[in-house]
Amino acid sequence: MRIGSALLSLSLLLVSGCAEARSAASVVSAIGAGTGTGESRSHFRAAKDFDAEILRMRLVAAQPAWPGPRLPAAPPARRIDCRQHRCVALTFDDGPGDNTGTVLDILAAHHARATFFLLGQMITGGTRDFVRRMVAEGHEVGNHSWDHAALAGLSSAALSRELDRTQDVVRRTTGVRMTLMRPPYGSTNKEVEAASRKEGLAQIMWAVDTLDWRDRNPALVAKRCGEAKPGDIVLMHDIHPTTVKALPHLLDELDRKGFTYVTVSELLGSPLPGKQYFNR
């Protein structure tokens with residue numbers, strides 16, 4: 001049985017003290033190819049991306065009799081050249097919430113992918129399936145802290161807790177190790193840069209702020225988003241009903257302008273941990 005063989009192989013590697021990331025990553029590739037899970041090799045593209053805990057969770061969840069929900073399998077990575085296409089990265093902060101499922105439905109209807117910057121405390125028994133669905137439908141998830149604290153005002157220990165707790169809950173929920181973060185309020189400094197670099201997280205800001213948190217006006221939100229230029233990162237919030245109401249209209253407008261909807265990582269390529277990004 002492939003899973004049993006893979007578990008045995010990995011155990012032998014660990015026991016012998018020779019569990020190199022490259023070897024373990026090849027085990028994961030073999031598992032993904034042979035179990036029908038639809039796993040993409042993009043989860044472990046290089047040794048630095050290897051996470052033994054994620055591997056353990058996926059191996060256990062792949063067992064036929066394992067109780068509870070399965071970890072989601074992301075679709076294969078896309079290759080989109082944003083030098084040739086009019087790319088825009090739509091991003092949503094502060095969820096998951098009651099409106100997130102509707103946002104995912106609307107994005108699916110437009111074949112649009114987006115990036116969701118999640119608050120750790122918002123991932124509960126009632127919202128976990130939304131986060132799993134994001135991953136399964138090809139959206140990207142990023143770290144938005146645990147409880148929306150202004151990170152630049154925190155001690156080193158508190159800052160680490162804000163990022164670590166959110167990394168942990170998303171990893172346990174989806175099996176994904178996030179590589180992006182957005183500091184709440186855009187509050188960042190050298191300490192936040194250092195902490196995000198240590199955690200392996202690029203700092204993602206924005207080029208277009210729809211101000212949907214302030215102006216609960218769907219037409220105004222749609223208009224501001226419609227002013228996006230190729231390569232822009234657009235800031236919205238999936239927790240506001242007015243933003244959800246604006247979403248079909250702004251997507252229609254961006255469709256009319258020939259935009260391709262990409263995740264932040266698809267837009268930027270391989271963003272560097274700690275560095276700030278506003279657009280492509």
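Higher on the page you've got the structure.
Parameters and conventions
Residues numbered from 1 in each chain as written. Predicted model: local features only at pLDDT ≥ 70, side-chain atom pairs only at ≥ 80, totals over all residues. Heavy atoms only, no water. Disulfide = S-S within 2.5 Å. Buried < 20%, exposed > 50% of the residue type's maximum accessible area, 1.4 Å probe, protein only. Helix = DSSP H or I, 4+ residues; strand = E, 2+ residues; numbered from the N terminus. Contact = heavy atoms within 4.5 Å. Axes fitted to C-alpha atoms, helices over the stretch in contact; angles between N-to-C directions. Parallel < 35°, antiparallel > 145°, perpendicular 65-115°, else oblique. Left-handed = near helix turned anticlockwise from the far one by under 90°. Polar contact = N/O pair within 3.5 Å; in protein donor to acceptor, adjacent residues only side chain to side chain.

A. Region of interest: the state of the cysteines. Summed over all chains, the structure comprises one disulfide. Residue pairing for Cys82: its cysteine sulfur links by disulfide to Cys87, the two sulfurs lying 2.2 Å apart. Here Cys82 and Cys87 share a disulfide; its torsion about the S-S bond, -90 degrees, makes the bridge left-handed. For the residue pair Cys82 and Cys87, the accessibility class agrees, reading buried in each case.

B. The arrangement of helix α4 (residues 100–109) in detail. Of the positions making up α4, those classed as buried are Thr100, Gly101, Val103, Leu104, Ile106 and Leu107. Contacts from the buried residues of α4 go to β1 (86–95), β2 (115–118), α5 (128–136) and α9 (241–256). His111 occupies a position one or two residues after α4 and carries a positive phi of about 50 degrees.

C. Broad picture of the packing of α4 against α5. Relative to each other, α4 and α5 sit at 20 degrees, their axes nearing to 10 Å. Between α4 and α5, the crossing angle belongs to the class labelled roughly parallel. α4 and α5 meet at a crossing whose hand is left-handed. Contacts between α4 and α5 pair Thr100, Gly101, Leu104 and Asp105 from the former with Phe130, Arg133 and Met134 from the latter.

D. Broad picture of the environment of Arg214. By the element assignment, Arg214 lies in the loop between β6 (208–209) and α8 (218–226). Reaching out from Arg214, the side chain makes a polar contact with the side chain of Asp215 at a distance of 3.1 Å.

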